[in-house]
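Given next are the chains, with one letter for each unit.
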Amino acid sequence: MVATFTPPGAESPRFEPASHDFTPNRRLDLEETLHMLGRDGWLLPEDAQQVRSAARGHARAEIHPLVLIANAKVPDARHPGTVLQLETMTEWLAGHARLPHLRIDPTKIDVAKVGQVVTPEYASRYRILPIALEAREVTIATSEPFDDRWVGDLSKLMRREVKRVVANPLDVNRYLMEFYGVTRSVARARDDKGRDTSTLLNLEQLIEIGASGDLTADDRHVVRIVDWLLSYAHEQRASDIHLEPRRDVSRVRFRIDGVLHKVFELPTQVMGAVIARIKTLGRMDIAERRRPQDGRLKMRSPGGREVEMRLSSMPTAFGEKCVMRLFDPDIVLKDYTQLGFSASEQAMWQKLVGRPNGIVLVTGPTGSGKTTTLYTTLLNLAQPQVNVCTIEDPIEMVSAEINQMQVQPAIDVTFASGVRTLLRQDPDIIMIGEIRDLDTAQMAIQASLTGHLVLSTLHTNDAPSAVTRLIDLGTPHYLIASTLAGVIAQRLVRRLCSHCSKPGPVDIERWAFLTRGFARGVPTHARIPVGCPECRNTGFLGRVAIYEMMIIDSGLRAAITPHADLLAFRAAALEHGLLPLRVAAADKVAEGVTTIPEVLTVLPPEG
């Protein structure tokens, strides 16, 4: 059966098959595959012989021919200087089979639903993976497109049309193990519970069932579900995991590049046990479900690195909701350019944080990347001859290079009292997690006046607002003027996917809005999103920061008065060289990094 559709994430065949094709109704054979690759110009005879030599000693019937060829790392004859990649050969194979090629995106698959299509034994025998189940059709990914002996049987069994797509064999095998393993764990956990939530009619009954404790956090199936979720979230580059209970079926969502994606559904009674397991790992009180709690835990990524996770739970109508924020240590090992600083912005920032004393503030809303900027800066400043100390609430990422203290209001360890303690620790650089009140602002100023560099954050829309916010807190204007060295405001914008973005037109009207008052010509390198399997068809992959940098020079200090008006102070800052966020955003658009609609979603209202 030939599929004539293109499912989400699937690409129509781009390789024209020749007159002679693969042998039908059987698995791929290594020799035949090598012959076809050679005939199509992808593989030279001597490289084919290298593959044969490398394949000796392997059970060829068990290892897919494309995997054997990819593992040999032979040159791609069509593209000198590169090796034959598994995904490239999979797309070539899809072209010969006249089927769509699919790069599997597990976040788009309803694992619990498709796991019921066929047994894992049947799926493994034919190297197939169900990926979608609709009312009239079932979509199956296969790495053996010429072996269709199973299609008729499955179509009759499911009473649906079978649509086939071709995916690389490693993904098919891997997700077979993961999806069926998790599906079995969820089913067994639900069966162990032995209750039917469809009979529950009101909130009181739901709470009673949830409090019964029949399914424990230490159940082996629950342990497996949690382990899978944590490693899966890291692999998918998620910044947050949301576990959201509902009346019958609860959902798991990942925030990826700032956008939430639903990735899995669990029976609500299983979700309760999963959250209890996570609370146990985070050293939270699993018996307390009526009040919010915070915790943290460490996990190891598949590559062996430690990943910090911050946990937060809160009571909802259908049980506890839990959010886990992931802090990958790799994100603070970037240089300033990778964060998004231009060459001029990096020079200004390094000059600011290279001062022996003064206050440097980073502003922006929650989720704008302030923590990443600060930690990257601190790790660049933390030389052996420098003592770097922090007071945080909570400690976002534990680092061996700096001395970190946690705010604990229950025992009167606040930001202000913490800074007093740090001043007695002979620090060179102090980082205050956030300036929230007058006491903390005064201690930051005191630390600066006594010869320390102080880094901190404020929640303001832009850089000039930081000055008026400090004045509103009650900080004397003359102390702000004498200690504040500079302020940067920042936002995160999604970066265009390098695999699929293409040159495109610029909206002249919106471009004029972004660059009004500043000399910026219409860009020639602007790009637009397209969408591909690498970026989950969003057109964007990863994020980059845009910065508004305000240096407090002698002229600007004079504008810091007891009753400084925000509009007047912003105008003064613009006169003294401030480039607003919209200009930094326009520069990123001109460089082909992002798009105008994307930056307009994050810019503050005034600009």
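Residues numbered from 1 in each chain as written. Predicted model: local features only at pLDDT ≥ 70, side-chain atom pairs only at ≥ 80, totals over all residues. Heavy atoms only, no water.

**A word on the overall build of the protein chain**
Moving on, step 1. Tallying secondary structure elements over the protein chain gives 23 helices and 20 strands in all.
Moving on, step 2. Taking all 607 residues of the protein chain together, the buried fraction comes to 53%.
Moving on, step 3. Pairs at least 24 residues apart make up 66% of the contacts formed inside the protein chain by residues separated by at least 6 positions.
Moving on, step 4. Of the accessible surface of the protein chain, which amounts to about 27600 Å², a share of 51% is contributed by carbon and sulfur atoms. (Helix = DSSP H or I, 4+ residues; strand = E, 2+ residues; numbered from the N terminus. Buried < 20%, exposed > 50% of the residue type's maximum accessible area, 1.4 Å probe, protein only. Contact = heavy atoms within 4.5 Å. Areas by Shrake-Rupley, 256 points an atom, 1.4 Å probe, with all protein chains shown as cover.)

**A look at the pairing of strand E11 (residues 319-327)**
Moving on, step 1. Of the pairings in the sheet, the one linking strand E6 (residues 238-244) to E11 comprises 4 bridges and is antiparallel in character. Residue Asp240 lies in a different strand from E11, and its bridge partner there is Arg325.
Moving on, step 2. Relative to E11, strand E10 (residues 306-316) runs antiparallel, the two being bridged by 9 bridges. From the neighbouring strand, Ser312 faces E11, where its bridge partner is Val323. (Pairing = 2+ DSSP bridges.)

**Some words on helix H7 (residues 151-158)**
Residues spaced three or four apart along an α-helix point in a common direction, a consequence of the helix completing one turn every 3.6 residues.
Moving on, step 1. All of the buried residues along H7 are Val151, Leu154, Ser155 and Met158. End-on, the buried residues of H7 take up no more than an arc of 100°, which puts them together on one face. For H7, the exposed residues set more than 90 degrees away from the buried face come down to Asp153, Lys156 and Leu157.
Moving on, step 2. Elements in contact with the buried residues of H7: strand E3 (128-133), strand E4 (137-142) and strand E5 (161-166).
Moving on, step 3. Directly after H7, the chain includes Arg159, whose backbone phi takes a positive value near 55°. (Arc of directions from axis to C-beta.)

**Quick word on the pairing of strand E9 (residues 293-300)**
Moving on, step 1. Along E9, the buried face is formed by Gln293, Gly295, Leu297 and Met299; none of Asp294, Arg296, Lys298 and Arg300, which line the opposite face, is buried.
Moving on, step 2. For E9 and E10, the ladder comprises 8 bridges, and the chain directions are antiparallel. Pairing of Lys298 across the sheet is with Glu308, part of E10.

**With respect to the nonpolar core**
Moving on, step 1. With 61 residues, the main nonpolar core has Ile241, Leu243, Val252, Phe254 and Val274 as its most contacted residues.
Moving on, step 2. Broken down by element, this core gets its largest block of residues, 8 residues, from helix H10 (residues 220-235).
Moving on, step 3. Aside from chain neighbours lying at most four places away, what touches Phe254 is Leu229, Tyr232, Ala233, Gln236, Ala238, Asp240, Ile241, Val259, Leu260, His261 and Val263.
Moving on, step 4. One finds Phe415, Val454, Ala466 and Ala489 within the second-largest nonpolar core, a separate group that totals 38 residues. (Core = buried A, V, L, I, M, F, W, Y, C linked by side-chain atoms within 4.5 Å.)

**Some remarks on the packing of aromatic side chains**
Moving on, step 1. Under the counting rule described, the total for this entry stands at 9 aromatic pairs.
Moving on, step 2. A cation sits over an aromatic face here: Arg494 above Phe540, 4.2 Å from the ring centre. (Phe/Tyr/Trp six-rings, centres within 6.5 Å; stacked < 30°, edge-to-face > 60°. Lys NZ or Arg CZ within 6 Å of the ring centre and 35° of its normal.)

**Some thoughts on the environment of Leu133**
Moving on, step 1. Relative to the assigned elements, Leu133 resides in strand E3.
Moving on, step 2. Separated by 17 residues in sequence, Leu133 and Gln116 have C-alpha atoms that sit 9.6 Å apart.
Moving on, step 3. Among residues more than four places away in sequence, those in contact with Leu133 are Lys113, Val114, Val117, Val138, Met158 and Arg160.

**Structural notes on the sheet that holds E10**
The strands that make up a sheet pair up through hydrogen bonds in the backbone, lying either parallel or antiparallel.
Moving on, step 1. Strand order in this open sheet of 6 strands is E8-E7-E6-E11-E10-E9, and the pairing throughout is antiparallel. At either end of the open sheet lies a strand with only one pairing partner, and these are strand E8 (259-267) and E9. The mean inter-strand angle of the sheet, taken between neighbouring strand axes irrespective of direction, is 20°.
Moving on, step 2. Sitting on the sheet, H10 is in contact with E6, strand E7 (249-256), E9, E10 and E11, with an inclination near 145° to E6.
Moving on, step 3. Against the sheet, helix H11 (residues 268-281) contacts E6, E7, E8, E9, E10 and E11, and its axis sits at roughly 110° relative to E8. (Axes fitted to C-alpha atoms, helices over the stretch in contact; angles between N-to-C directions.)

**What to know about unusual backbone geometry**
Moving on, step 1. Here Arg159, not a glycine, exhibits a phi torsion of approximately 55°, which is positive.
Moving on, step 2. With respect to the helices and strands, Arg159 occurs in the loop between H7 and E5.

**Some details on helix H22 (residues 581-590)**
Moving on, step 1. Taken across its 10 residues, H22 has 8 buried, putting it largely inside the fold.
Moving on, step 2. In this structure, the buried residues of H22 make contact with helix H13 (343-353), strand E17 (484-496), helix H19 (508-515), strand E20 (540-551) and helix H23 (596-600).
Moving on, step 3. Gly592 sits one or two residues past H22 and shows a positive phi near 80°.

**Brief notes about the sheet that holds strand E14 (residues 403-406)**
Moving on, step 1. Read from one edge to the other, the open sheet built from 7 strands follows the order E14-E13-E15-E16-E12-E17-E20, with strand pairing classed as mixed. Edge positions in the sheet fall to E14 and E20, since each of these pairs with one other strand and no more. When the angles between neighbouring strand axes are averaged without regard to direction, this sheet yields 20°.
Moving on, step 2. Here 10 bridges tie E17 to E20, and the two strands are oriented antiparallel to one another. The partner of Ile488 across the bridge, within E20, is Met549.

**Details of the confidence of the model for the protein chain**
Moving on, step 1. Summary statistics for the protein chain give a mean pLDDT of 84 and a share of 88% for residues scoring 70 or more.
Moving on, step 2. Highest mean pLDDT in the protein chain belongs to strand E12 (residues 358-363) (97); lowest belongs to helix H9 (residues 203-211) (35).
Moving on, step 3. The model gives residues 1-6 a pLDDT under 50, and that stretch makes 20 contacts with residues more than four places away or in other chains. (pLDDT = per-residue confidence, 0-100.)

**Structural notes on the packing of helix H1 (residues 30-39) against helix H2 (residues 45-55)**
Moving on, step 1. Between H1 and H2, the least distance of the axes is 10 Å, while the angle of their chain directions is 160°. If you check the angle between H1 and H2, you find them roughly antiparallel. Handedness of the H1/H2 crossing: right-handed. Contacts from Leu30, Glu31 and Leu34 of H1 reach H2 at Ala48, Val51, Arg52 and Ala55.
Moving on, step 2. Class assignment of the residues belonging to the contact of H1 with H2 gives a composition of 5 nonpolar, no polar and 2 charged. (Parallel < 35°, antiparallel > 145°, perpendicular 65-115°, else oblique. Left-handed = near helix turned anticlockwise from the far one by under 90°. Nonpolar A, V, L, I, M, F, W, Y, C, P; charged D, E, K, R; others polar.)

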